[in-house]
Amino acid sequence: MSRPYDHIEGSGPPEKSDPGITQPALGLTGYLRFFWRQLTSMRTAIVLLLLLAIAAVPGSMWPQRSSDPNGVIQFFSKNPTLAPVLDRLQLFDVYTSVWFSAIYILLFISLIGCVIPRTIYHLRALRAKPPRTPARLERLAVFEATELEPSELDPGESGKSVDASHAIEAARSQLRSSGYRVALYEGAKDLSVSAERGYLRETGNLVFHTALIGILFAVGLGGGFGYTGQKVIVEGQSFVNIKGAYDSFTPGRFFTDAALQPYRLTLDNFEAKYEEHSIQAYGQPIDYTAHVTTWLPHQKGVNSTIKVNEPLALGGSDLYLLGNGYAPTITVRDGQGNIAFTASVPFLPQDANLTSTGVVRVPDALPKQLAFLGFFYPTAGQLTTGALTSIHPDLRNPVLTLFAYTGDLGLDSGVPQNVYALDPTGLTQIAGGKSGAPAIELRPGQTVQLPDGLGSVTFTSASPNAAANDWSKSVPRYISLDIHRDPAQLWVLLFAIIAVAGLLSSLFLPRRRVWVKAIDGSDGRLRLEYAGLARGEDPGLAAAVSAIAERHAQRLKA
Amino acid sequence: MTETFDSFALVAIYSAMGVYVVAFIFFTLDLAKRSADAKPAAITASVGQNAAVGGRATVATLEAEAEAVAAPPRRVERVAFSLTVLAWALHVVGAVLRGLADGHVPWSNMFEFSLVSSAIAVGVFLFLQFWQDLKFLGTYITGFALIVLGVGTVNFYVPVTPLPPALQSYWLIIHVFVATLGTGFFAVGAGLSLIQLLQSRREADKTSRLKFLGTLPQADKLENLAYRVIVVGFVFWTFTLIAGSIWAFHAWGRYWGWDTKEVWTFIIWVLFAGYIHARATRGWRGTRSAWLAIIGFGAVAFNYTIVNLFFKGLHVYSGL
Ligand code: HEM
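Residues numbered from 1 in each chain as written. Chains lettered and ligands numbered in written order. Predicted model: local features only at pLDDT ≥ 70, side-chain atom pairs only at ≥ 80, totals over all residues. Heavy atoms only, no water.

Caption draft 1: Just the overall build of chain B, in detail. Scanning chain B for helices and strands turns up nine helices and zero strands. Taking all 320 residues of chain B together, the buried fraction comes to 58%. Of the accessible surface of chain B, which amounts to about 12,800 Å², a share of 71% is contributed by carbon and sulfur atoms. (Helix = DSSP H or I, 4+ residues; strand = E, 2+ residues; numbered from the N terminus. Buried < 20%, exposed > 50% of the residue type's maximum accessible area, 1.4 Å probe, protein only. Areas by Shrake-Rupley, 256 points an atom, 1.4 Å probe, with all protein chains shown as cover.)

Here it is as structure tokens:
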């Protein structure tokens with residue numbers, strides 16, 4: 001099996017040149033050449049592939065900043081001593097770590113160094129004639145021979161029966177029509193045809209490996225020019241596609257603001273359907289649909305929908321529906337009766353029934369700043385402990401409870417604050433928890449006075465005119481969108497498809513050489529020899545040679 | 001209606017398990033019988049090849065024909081095989097009924113994965129017989145199916161539930177189905193590689209207590225069979241990877257995000273790429289590549305069990 005990589009691999013130590021000239025420089029090239037040959041050998045490729053597989057494992061054992069940033073934060077707070085050590089080893093950024101990158105970069109250098117010489121070799125082989133017929137075909141792995149008596153042979157029109165040259169001509173046309181490349185050779189006493197097929201196998205292999213390089217580059221470049229961002233939008237609110245409007249925004253390395261195409265989007269309505277019939281699955285979500293209106297510059301608004309598996313393509317980016325929840329509308333009046341805060345506040349879901357928590361900060365309240373830690377239950381029910389919990393994700397018995405605090409919120413200190421969490425240090429609790437006063441409990445439309453004349457809180461209903469027990473529209477919902485732009489994603493797909501095509505032809509097309517030799521006997525007999533040689537995996541070789549022999553003999557017989 | 005279908009599905013599944021047990025016993029008896037039949041001289045003999053190669057004067061064919069005559073009829077094995085076919089039919093009926101109960105394809109939680117992946121593994125084993133006589137893997141495959149189906153049904157059973165929105169995609173159907181197909185081929189391939197390892201050990205020192213190995217193909221033949229089965233699995237796995245990224249792209253807005261399951265799909269793919277390379281490299285062919293095939297399948301099993309159950313990620317749909 002003289003496959004091209006054998007040709008490259010292990011072809012001896014680096015050649016010695018004239019020892020007279022400067023030794024160190026030569027030593028260096030020799031060393032480099034030796035190193036290069038090692039790097040591009042199949043053995044190294046295997047080792048690097050296995051290393052790559054092993055190196056990918058830790059990324060599934062610890063949370064990764066790229067896919068689960070909150071998990072990393074949690075891990076740090078749970079394992080304060082271990083986490084920094086793991087972080088030093090880049091175990092929270094495995095796939096961008098130095099060691100992971102080193103492995104795949106070496107692998108791809110090896111791949112390039114392996115593919116280029118093989119491509120050159122293969123291009124040459126594509127133009128070359130099939131090789132000379134071996135003198136002794138019977139030594140090959142697959143060999144058959146028959147002798148045909150003169151009486152068996154087709155007499156032909158001229159009356160002169162078939163001889164070796166006829167037989168070889170027949171074999172040549174037969175092999176050609178079954179896709180072999182052929183060449184005729186003349187030996188001392190014999191004529192032969194040498195045939196080879198399945199060049200597409202090696203072509204497929206090279207296409208496959210080259211496409212892998214294409215995928216790597218497309219992924220790298222696409223990530224560099226694209227961006228990803230998140231945005232929470234409450235029903236009735238709008239989003240304008242500028243960097244400042246995103247809740248979080250991660251640009252690629254080569255991103256410029258010009259990549260953000262202008263558009264505006266309004267969430268008209270978010271619809272969630274829950275299982276009603278099956279008892280086991282009661283209340284599980286079946287469908288989420290966000291109804292939106294979008295505007296491109298100088299154009300009329302367009303109504304569209306975004307569903308979980310059906311992103312919306314808009315302005316060169318794709319918008320995905322990743323999450324949803326409730327945003328109770330809360331209005332706070334301060335001790336002087338002024339409206340110090342009014343907004344629909346997105347609450348973060350904590351469980352499948354959308355028990356949610358949220359925070360309201362009211363720095364403008366006078367005489368004292370106010371803050372609230374809220375719990376929202378779309379369908380409130382009571383645990384045996386007396387605590388509230390949500391028993392269904394839909395709005396059937398909505399209740400909002402609030403812990404209230406006063407004190408300096410520290411918003412002027414410039415320290416960034418988590419909008420979904422409240423750090424109570426330095427604050428005085430005035431309702432709920434250890435304050436002695438009960439937590440504030442509100443239904444949509446209700447207002448409660450705060451202790452000590454500090455003001456009041458209103459849970460505004462979004463459907464004040466609904467029937468008495470119809471809460472279904474009383475609290476606005478919000479959606480959380482992931483917005484991505486990856487200009488190279490089609491390239492990645494294209495290279496992946498090319499890779500698969502290459503893989504299929506490389507794995508399943510046989511590459512083989514076949515020889516047919518004809519020898520004229522002294523007594524008018526004709527000896528025919530058939531042999532085959534596999535180049536790579538070829539389970540069907542023996543059967544193929546037999547079939548060729550059978551058809552060939554058939555054509556020659558009377 | 002749903003509940004009726006589901007309970008009929010369970011009846012079919014438990015019956016299938018019962019028949020698999022009997023088939024497993026018969027396959028094991030056959031191995032015992034093979035041990036009794038194996039004479040020391042039989043070490044170099046290789047059966048298990050269909051004489052489909054055909055043709056006339058090739059040395060290989062002559063050998064195959066001679067063996068076909070020499071091999072004693074394996075009646076016990078034939079019974080075991082028929083039982084496996086029966087069990088599989090029940091198994092498939094169970095899966096179909098479960099799908100009817102679901103109202104969607106039955107592979108959206110751990111129980112259904114176990115149900116379908118074991119059915120596909122056995123199906124691959126059965127259909128490969130048209131190509132090669134691999135019945136000697138019967139003990140391994142029925143044992144595998146029993147464990148997967150048993151654990152899946154007893155420990156992971158969940159009643160019919162609607163598909164959560166993230167799973168409502170025809171890419172899910174393709175992705176998971178192709179993954180289970182690939183798993184079936186990897187399972188058979190790993191079985192062949194396992195026997196290959198035992199066989200080459202025996203060929204090296206000729207003193208194995210597993211006498212039935214004497215009636216099985218030689219190590220290099222087993223290696224070729226394993227390779228051919230595994231590359232088919234590899235192609236399916238490549239499709240899994242691609243269909244999975246397309247699905248991820250529709251559902252989460254990125255085709256690749258190194259989520260836990262994506263990581264493991266990738267690891268498995270790379271391991272088998274390593275295996276294919278090993279097969280084409282001097283010094284790695286044979287025992288080492290066989291180990292890689294087994295490790296690769298081990299990673300598949302790990303992915304289906306430990307990763308699904310204990311690792312955190314976006315793919316949280318074990319249904320438990
Ligand atoms: C990114 C890493 C690589 C991957 C994922 C990979 C994957 C594969 C796969 C799937 C095959 C079988 C299908 C086919 O023949 O096209 C294969 C075959 C092959 N690869 Fe790679 N490869 C990689 C790197 C390399 C490198 C670095 C070399 C050279 C040293 C190489 C040389 C070969 C050769 C010679 C074959 C043919 C094997 C045979 O005839 O069975 N590959 N590779």
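Still to come is the rest of the account.
Caption draft 2: Expanded view of the site of the ligand. Around the ligand, the surrounding shell holds 26 residues, and the nearest of these are Cys-114, Asn-205, His-209 and Ser-506 of chain A together with His-277 of chain B. Here a nitrogen atom of the ligand sits 2.8 Å away from a polar atom, N or O, in the side chain of His-209 of chain A. At 2.4 Å, a side-chain N or O of His-277 of chain B approaches a nitrogen atom of the ligand. The element that contributes the greatest number of residues to the shell around the ligand is helix 7 (residues 98–127) of chain A, accounting for six residues. Of the residues that constitute the shell around the ligand, the class distribution is 17 nonpolar, seven polar and two charged. (Near = heavy atom within 4 Å. Polar contact = N/O pair within 3.5 Å; in protein donor to acceptor, adjacent residues only side chain to side chain. Nonpolar A, V, L, I, M, F, W, Y, C, P; charged D, E, K, R; others polar.)

Caption draft 3: How the structure looks around the packing of helix 4 (residues 110–128) of chain B against helix 5 (residues 138–155) of chain B. Residue and element names in this part refer to chain B. Relative orientation of the contacting elements helix 4 and helix 5 amounts to 165°, with a least axis distance of 8 Å. Classified by the interaxial angle, the pair formed by helix 4 and helix 5 is roughly antiparallel. Seen from above, helix 4 lies across helix 5 with left-handed handedness. Residue-level inspection shows Phe-111, Ser-114, Leu-115, Ser-117, Ser-118, Ala-121, Val-122 and Phe-125 of helix 4 in contact with helix 5, the latter providing Gly-138, Ile-141, Phe-144, Ala-145, Val-148, Leu-149, Gly-152 and Thr-153. Residues of the contact of helix 4 with helix 5, tallied by class, amount to 10 nonpolar, six polar and no charged. (Axes fitted to C-alpha atoms, helices over the stretch in contact; angles between N-to-C directions. Parallel < 35°, antiparallel > 145°, perpendicular 65-115°, else oblique. Left-handed = near helix turned anticlockwise from the far one by under 90°. Contact = heavy atoms within 4.5 Å.)

Caption draft 4: Region of interest: the confidence of the model for chain B. Residue and element names in this part refer to chain B. On average, residues of chain B score 81 in pLDDT, and 83% of them reach the 70 mark or higher. No element of chain B has a lower mean pLDDT than helix 2 (residues 59–70), at 43, and none a higher one than helix 8 (residues 260–279), at 93. When the criterion is pLDDT under 50, residues 40–69 qualifies, and its contacts beyond four places in sequence or with other chains add up to 41 contacts. Every residue in residues 314–320 is under pLDDT 50, and counting partners more than four places away or in other chains gives 23 contacts. Reported confidences for the modelled complex are a pTM of 0.80 and an ipTM of 0.86. (pLDDT = per-residue confidence, 0-100.)

Caption draft 5: Here's a closer look at helix 5 of chain B. All names here are of chain B. Its 18 residues place the ends of helix 5 25 Å apart at the C-alpha level, agreeing with the 26 Å of an ideal helix rising 1.5 Å per residue. Within the sequence span of helix 5, burial applies to Gly-138, Thr-139, Ile-141, Thr-142, Gly-143, Phe-144, Ala-145, Leu-146, Leu-149, Gly-150, Gly-152 and Thr-153. Packed against the buried residues of helix 5 are helix 1 (2–37), helix 3 (75–102), helix 4, helix 6 (170–205) and helix 9 (287–310). (Expected span 1.5 Å × (residues − 1).)

Caption draft 6: The coordination of the iron atom of the ligand, seen in detail. Here the iron atom of the ligand is held by His-209 of chain A (NE2) and His-277 of chain B (NE2), and the distances to it run 1.9 to 2.0 Å. Given six donor atoms and angles of 74 to 178° at the metal, the environment of the iron atom of the ligand is assigned as octahedral. Of this pair, His-209 of chain A sits in helix 9 (residues 199–225) while His-277 of chain B sits in helix 8, which puts the two residues in different chains. (Donors = N, O, S within 2.8 Å, 3.2 Å for Na, K, Ca; no water. Tetrahedral: all angles 85-135°; square planar, octahedral: opposite > 155°, others 65-115°.)

Caption draft 7: Broad picture of the interface of chain B and chain A. In this assembly, 59 residues from chain B lie in contact with 63 residues from chain A. Across the interface of chain B and chain A, roughly 4,900 Å² is buried in total on both sides, 66% from carbon and sulfur atoms. For the pair chain B and chain A, the interface holds zero salt bridges. Our count for the chain B to chain A interface comes out at four residue pairs in polar contact (both at pLDDT 80 or more). Put simply, the parts of the chain that give the side of chain B that touches chain A at least two residues each are helix 7 (219–252) and helix 8 of chain B. Top element by residues in the side of chain B that touches chain A is helix 7 of chain B. It accounts for 16 residues. Along the lines of polarity and charge, the residues of the side of chain B that touches chain A split into 36 nonpolar, 15 polar and eight charged. (Buried area = accessible area lost by both parts, 1.4 Å probe. Salt bridge = Lys/Arg side-chain N within 4 Å of Asp/Glu carboxyl O.)

Caption draft 8: Fine view of unusual backbone geometry. Residues and elements named next belong to chain A. The phi angle at Gln-90 is positive, at roughly 60°, despite the residue not being glycine. With respect to the helices, strands and loops of the structure, Gln-90 is situated in the loop between helix 6 (82–88) and helix 7. The partly exposed category is assigned to Gln-90, whose relative accessible area is 24%. Within the chain, His-298 stands out as a residue other than glycine whose phi angle is a positive 60°. Locating His-298 in the fold gives a position in the loop between strand 8 (285–295) and strand 9 (302–307).

Caption draft 9: Focus on the packing of aromatic side chains. A complete count under the given rule lists 37 aromatic pairs over all chains for this structure. Aromatic pair Trp-491 of chain A and Phe-495 of chain A: ring centres 6.3 Å apart, planes at 35°, arrangement tilted. Within this pair, Trp-491 of chain A and its partner Phe-495 of chain A are both found in helix 10 (residues 489–508), separated by four residues, close to a single helical turn. With a centroid separation of 6.5 Å and an interplanar angle of 80°, the aromatic rings of Phe-27 of chain B and Phe-125 of chain B are classed as edge-to-face. (Phe/Tyr/Trp six-rings, centres within 6.5 Å; stacked < 30°, edge-to-face > 60°.)

Caption draft 10: Summary view of the pattern of salt bridges. Residues and elements named next belong to chain A. Tallied over the entire structure, the rule returns 24 salt bridges over all chains. Here Lys-231 ties to Asp-247 by a salt bridge, and the two come within 3.8 Å at their closest N and O atoms. On the criterion of sequence distance, the pair formed by Lys-231 in strand 4 (residues 227–234) and Asp-247 in the loop between strand 5 (238–240) and strand 6 (248–251) is long-range, its members being 16 residues apart. Residue classification places Lys-231 among the buried positions, given a relative accessible area of 14%. Across the salt bridge formed by Asp-257 and Lys-243, the nearest N and O atoms sit 3.6 Å from each other. Of the two residues, Asp-257 sits in the loop between strand 6 and strand 7 (264–274) while Lys-243 sits in the loop between strand 5 and strand 6, which places them 14 residues apart along the sequence. Counted as one network, the salt bridges with shared partners bring together Glu-147, Glu-149, Arg-525, Arg-527 and Glu-529.

Caption draft 11: Representation of the pairing of strand 15 (residues 356–362) of chain A within the structure. Residue and element names in this part refer to chain A. Here strand 15 lies mainly inside the structure; seven of its seven residues are buried. Across the two faces of strand 15 the burial is the same, with Ser-356, Gly-358, Val-360 and Val-362 and Thr-357, Val-359 and Arg-361 all buried. Of the pairings in the sheet, the one linking strand 14 (residues 348–349) to strand 15 comprises two bridges and is antiparallel in character. From the neighbouring strand, Leu-348 faces strand 15, where its bridge partner is Thr-357. Where strand 14 folds back on strand 15, the antiparallel hairpin that results is connected by six residues, among which Leu-354 adopts a positive phi of roughly 60°. The pairing of strand 15 with strand 16 (residues 370–377) spans seven bridges and is classified as antiparallel. Looking at strand 16, one finds that Val-359 is bridged to Leu-373. (Pairing = 2+ DSSP bridges.)

Caption draft 12: Structural detail: the sheet that holds strand 24 (residues 477–485) of chain A. Read from one edge to the other, the open sheet built from five strands follows the order 6-4-24-11-10 (chain A), with strand pairing classed as antiparallel. Both edges of this open sheet fall to strand 6 and strand 10 (312–314) of chain A, since each of them pairs with a single strand only. Geometrically, the sheet is characterised by an average inter-axis angle of 25° between neighbouring strands, direction not taken into account. Against the sheet, helix 7 of chain B touches strand 11 (317–326) and strand 24 of chain A, its axis set at about 60° to strand 11 of chain A.

Caption draft 13: Spatial organisation of the side chain of Thr-133 of chain A. Residues and elements named next belong to chain A. Position of Thr-133 relative to the elements: it lies in the loop between helix 7 and strand 1 (142–148). Polar side-chain contacts of Thr-133 include one of 2.8 Å to the side chain of Ser-192. Ignoring anything within four residues of it in the chain, the contact list for Thr-133 reads Tyr-185, Ser-192, Val-193, Ser-194, Trp-515 and Lys-517.

Caption draft 14: Summary view of the confidence of the model for chain A. The predicted model of chain A averages 85 in pLDDT, with 92% of residues at 70 or higher. In this model, residues 1–23 of chain A is a region of pLDDT below 50 whose contacts with residues beyond four sequence positions or in other chains number 36 contacts.

Caption draft 15: Highlighting the sheet that holds strand 1 of chain A. Residue and element names in this part refer to chain A. Spatial strand order, 1-26-25-3-2: five strands in an open sheet with antiparallel pairing. The two strands at the open ends of the sheet, each matched to only one other strand, are strand 1 and strand 2 (181–186). Strand-to-strand twist of the sheet, defined as the mean angle between neighbouring strand axes without regard to direction, takes the value 15°. Of the strand pairs in this sheet, strand 3 (residues 190–197) and strand 25 (residues 512–520) are connected by eight bridges, and their pairing is antiparallel. Across the sheet, the residue bridging to Glu-196 is Arg-513, located in strand 25.

Caption draft 16: Looking closely at the packing of helix 3 (residues 42–56) of chain A against helix 8 of chain B. Running from N to C, helix 3 of chain A and helix 8 of chain B point in directions that differ by 165°, and their axes come no closer than 9 Å. The angle between the axes of helix 3 of chain A and helix 8 of chain B places the two elements in the roughly antiparallel class. Where helix 3 of chain A crosses over helix 8 of chain B, the two elements pack in a sense that is left-handed. Taking contact as the criterion, the partners of Met-42, Ala-45, Ile-46, Leu-49, Leu-50, Leu-52, Ala-53 and Ala-56 of chain A in helix 3 of chain A are, on helix 8 of chain B, Val-263, Phe-266, Ile-267, Val-270, Leu-271, Ala-273, Gly-274, His-277 and Ala-278 of chain B. Taken together, the residues of the contact of helix 3 of chain A with helix 8 of chain B break down into 15 nonpolar, two polar and no charged.

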